[in-house]
Amino acid sequence: MEPKIKRLERILVKKGAILDIYTDKMQLPNGTVELWDYVEHRMGAAAVVPVVEEGKVLMIHQYRPALERMTLEIPAGARDHATEDTKICAARELEEETGYRAKTLSKLLSLKTTVAFCNESVDIYLAKGLTKTKQNLDAAEEIETEIFAIEELIERIYAGEIQDGKTVAALLAYQNLRGR
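Parameters and conventions
Residues numbered from 1 in each chain as written. Predicted model: local features only at pLDDT ≥ 70, side-chain atom pairs only at ≥ 80, totals over all residues. Heavy atoms only, no water. 1 Å grid on protein atoms, 1.4 Å probe; cavity = no way out; pocket = protein on both sides within 12 Å on 5 of 7 lines; lining within 4 Å. Points joined across faces, edges and corners; volume = space filled by probe spheres on them. Helix = DSSP H or I, 4+ residues; strand = E, 2+ residues; numbered from the N terminus. Core = buried A, V, L, I, M, F, W, Y, C linked by side-chain atoms within 4.5 Å. Buried < 20%, exposed > 50% of the residue type's maximum accessible area, 1.4 Å probe, protein only. Contact = heavy atoms within 4.5 Å. Phe/Tyr/Trp six-rings, centres within 6.5 Å; stacked < 30°, edge-to-face > 60°. Lys NZ or Arg CZ within 6 Å of the ring centre and 35° of its normal. Polar contact = N/O pair within 3.5 Å; in protein donor to acceptor, adjacent residues only side chain to side chain. Pairing = 2+ DSSP bridges. Axes fitted to C-alpha atoms, helices over the stretch in contact; angles between N-to-C directions.

## A word on the layout of surface pockets
There is about 1,100 Å³ of room inside the largest pocket. The wall of the largest pocket is formed by 37 residues, among which Gln 62, Arg 64, Glu 73, Glu 120 and Lys 166 lie closest to the centre. Within the residue set of the lining of the largest pocket, elements represented by two or more residues are strand 3 (33-41), strand 4 (45-50), strand 5 (57-64), strand 6 (69-73), strand 7 (76-78), helix 1 (86-98) and helix 3 (165-178). If you tally residues by element for the lining of the largest pocket, the top one is strand 6, at 4 residues.

## Let's talk about the nonpolar core
Val 49, Val 57, Met 59, Ile 74, Ile 124, Leu 153 and Leu 171 are the most contacted members of the largest nonpolar core, which totals 23 residues. When residues of this core are traced back to their parent elements, those giving at least two are strand 4, strand 5, strand 10 (121-128), helix 2 (150-158) and helix 3. If we skip the residues at most four places from it in the chain, Leu 171 touches Val 57, Met 59, Ile 74, Ile 150, Leu 153, Ile 154, Ile 157 and Ile 162. Listed in part, the 11 residues of the second largest apolar core include Val 52, Leu 58, Cys 89 and Leu 94.

## Digging into the packing of aromatic side chains
As enumerated under the stated definition, the model contains 1 aromatic pair in all. One residue, Arg 10, lies across the ring of Tyr 22, its end atom 5.6 Å from the ring centre. Lying over the aromatic face of Tyr 38, Arg 10 brings its terminal NZ or CZ to 3.8 Å of the ring centre.

## Notes on the side chain of Asp 20
Tracing the sequence through the fold places Asp 20 in strand 2 (residues 19-27). Under the relative-accessibility criterion, Asp 20 is labelled buried at 2%. At 3.4 Å, the side chain of Asp 20 and the backbone nitrogen of Gly 16 are in polar contact.

## Regarding the sheet that holds strand 9 (residues 104-112)
The 4 strands lie next to each other as 7-4-10-9, forming an open sheet whose pairing is mixed. Strands at the two margins of the open sheet, each flanked by one partner only, are strand 7 and strand 9. Direction aside, the axes of adjacent strands within the sheet are offset by 20 degrees on average. Bridging between strand 4 and strand 7 involves 3 bridges; their strand directions are antiparallel. Looking at the pairing, Ala 47 lines up with Ala 76 of strand 7. Its contacts with the sheet place helix 1 against strand 4, strand 7, strand 9 and strand 10, and it is angled at close to 60 degrees to strand 4. Strand contacts of helix 3: strand 4, strand 7, strand 9 and strand 10, with the helix running at about 125 degrees to strand 9, the strand carrying the most contacts.

## Details of the environment of Val 39
Mapped onto the fold, Val 39 is located in strand 3. For the pair formed by Val 39 and Tyr 22, sequence separation is 17 residues and the distance between their alpha carbons is 6.2 Å. When neighbours within four sequence positions are excluded, Val 39 is seen to be in contact with Leu 19, Asp 20, Ile 21, Phe 117, Cys 118 and Asn 119.

## A closer look at the pairing of strand 2
Each regular strand displays side chains that alternate between the two surfaces of the sheet. Examined bridge by bridge, strand 1 (residues 6-15) and strand 2 share 8 bridges and lie antiparallel to one another. Its bridge partner being in strand 2, Glu 9 is matched across the sheet by Lys 25. Linking strand 1 to strand 2, which pair antiparallel, is a turn of 3 residues. Two elements, strand 2 and strand 3, share 9 bridges in a ladder whose sense is antiparallel. Note that in strand 3 the partner of Lys 25 across the bridge is Leu 35. A loop of 5 residues connects strand 2 with strand 3, the two strands running antiparallel in sequence, and Gly 31 in this loop sits at a positive phi of about 95 degrees.

Take a look at the structure:
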């Protein structure tokens, strides 16, 4: 199906370290012109569902300034450069944020985080055979880890306690995979 909405112009508003913010001048099917926001995520990202004993999941508690609170998430981070293999990024982020290395990383799913105004893509991996190494946090990170049964995490999703989109999608996909 061919879209009837047409972009007339894209204007760079702010260039950031990994994000660029634009204003798009859009023509609607009735001829009206509107200004829309668009965020380009130049790097993409990777995330990991780290599985420990008995199918439990290693999660991170992390402060998120956009929400002004701690969140419960799976480990994740932006690629170092736009062509970095997301599997390499996932392995690095797992070790940096949790202090664990995975024996195996297998792709679970790929997703676009916020399709209404952003092109960010995240590849999510399932990590198994974890061995303890050393957590290596960035200066701006404050992360604690905790292990949960998948059933408890699913309950927390439906209770509204876990709201991060990549984490919700990843945990539901992992639960579905376990049920096969």
